[in-house]
Amino acid sequence: MSALIIFGLLLVLMLTGMPISISLGLTVLTFLFTMTEVPIEAVALKLFTGIEKFEIMAIPFFILAGNFLTHGGVARRMINFASSMVGHWHGGLGLAGVLACALFAAVSGSSPATVVAIGSILLPAMVKQGFPNSFGAGVITTSGALGILIPPSIVMVMYSVATNTSVGQLFMAGVIPGLMLAGFLGLTTWYRARKFGYPRLAKASAAQRLKALRESIWGLLLIVVVIGGIYTGIFTPTEAAAMSAVYAFIVAVFIYKDMTLKQVPKVLLDSASMSAMLLYIITNAVLFSFLMTSEGIPQAMASWLIDAGLGPVAFLLAVNVILLLAGNVMEPSSIVLIFAPILFPVATALGIDPVHFGILIVVNMEVGMCHPPVGLNLYVASGITKMGITELTVAVWPWLLTMLAFLGLVTYVPAISLWLPRTLGMM
């Protein structure tokens, strides 16, 4: 009964058009004041202790690093490098877009940032070269979603906060699925370009490739700094985030000199406002999670699902359906923070690995970012391409189908996620 009231209240508030974070907070306060004896001090205490986690500090740092790289010409150099490597194949610039998104994802941690950084440079170039606007938009919108699967990933940090799973293990578990999905999206791009006879670039010489690599090396080295540092144990994922922010600042301002010191305060301010927005969502989601736990809802749901005889296969299918439906009305941070604490106890009770479950949730979030009505990547791409959301939805469907097929693969083949962290001795 409590669960019905809580979710009913949340749904009503969301339908009024209220931001998800405020809806969560109001739901908690309304329920606690009218239905329970929980003292107000407990709410205030939970607000502070809820975000008093070392891992959460990674979020503002990764956002800051991503903003320095977006403004600092790193994306342009990555695109040049990707074009020199794969531009001569069918749909050359489209394939370069997939590769550039994968590379940028490995330094930014955010999908919308990847779409903005790569899309704003590549999409006009693709149209100029003779690609239809819809083809370029489809490629960049879906490939930009790699931003949250290829580590570092802000969504993985959120899952870690919600379930106490190791961020380092999650980051390593995301590497192979991220590269596989990039490969599948590239294959879809190549196939469609070949089918419709889209243009390709002239093959770059070894000297041109070397020049492109030399120019982009400082951006690419950030991947080594973050992943290498975490793997070798030099620093934790949170410290890696701080390192990447400092490194990105030095590269953008002093090495590439694409950004002046005068522009730095604006980047800091933009990063601060974006971090504040995410932290506000986290705070309210932590309160919501506290309410759910105090009412015993996750435990009741876990025992109900297990009593219903739902095995791991059926449960994972149900999780995918729930998360894909949630992706229609909510953005990834909120979904992870609300649903992970509810579904996680059931998954562990059924013997599903927490790290595999985390990667499955992240892939679901990727799909959610690319379809309406709330797909963040669609809105970002719409701003760049000046295409309507309906038009964009039609443009992304071949790649979206590829992502759904990949989701099925990741769901039922845990080795894709778990092989690397196990091989590295992290699990």
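Residues numbered from 1 in each chain as written. Predicted model: local features only at pLDDT ≥ 70, side-chain atom pairs only at ≥ 80, totals over all residues. Heavy atoms only, no water.

So, unusual backbone geometry
Then step 1. The amide bond that connects Pro151 to the next residue, Pro152, takes the cis arrangement and shows omega of 0°.
Then step 2. Even without glycine at this site, Asn164 takes up a positive phi of about 60°.
Then step 3. Structurally, Asn164 can be placed in the loop between α9 (154-163) and α10 (167-196).
Then step 4. With relative accessibility at 67%, the residue Asn164 sits in the exposed group. (Helix = DSSP H or I, 4+ residues; strand = E, 2+ residues; numbered from the N terminus. Buried < 20%, exposed > 50% of the residue type's maximum accessible area, 1.4 Å probe, protein only.)

Examining a nonpolar patch on the surface
Then step 1. A cluster of nonpolar side chains, Leu210, Leu213, Ile217, Trp218, Leu221, Val224, Val246, Ile250, Phe254, Ile255 and Leu261, forms an exposed patch at the surface whose accessible area comes to about 930 Å².
Then step 2. Elements that contribute at least two residues to the nonpolar patch include exactly α11 (206-232) and α12 (237-255).
Then step 3. A per-element tally of the nonpolar patch places α11 first, with six residues.
Then step 4. Residue placement: Val224 occurs in helix α11. (Patch = residues over 30% accessible without salt bridge, like charges linked within 9 Å, V, L, I, M, F, W, Y side chains within 5 Å. Areas by Shrake-Rupley, 256 points an atom, 1.4 Å probe, with all protein chains shown as cover. Salt bridge = Lys/Arg side-chain N within 4 Å of Asp/Glu carboxyl O.)

As for the packing of aromatic side chains
Then step 1. Scanning the entire structure with this criterion turns up twelve aromatic pairs.
Then step 2. Aromatic side chains Phe135 and Trp399 sit 5.6 Å apart centroid to centroid with 70° between the ring planes, which places their arrangement in the edge-to-face category. In this pair, Phe135 is assigned in helix α8 (residues 133-143) and Trp399 in helix α19 (residues 389-412), connecting sequence segments 264 residues apart.
Then step 3. For Phe135, a relative accessible area of 4% corresponds to the buried category. (Phe/Tyr/Trp six-rings, centres within 6.5 Å; stacked < 30°, edge-to-face > 60°.)

No statement about biological role is implied by the geometric values presented.
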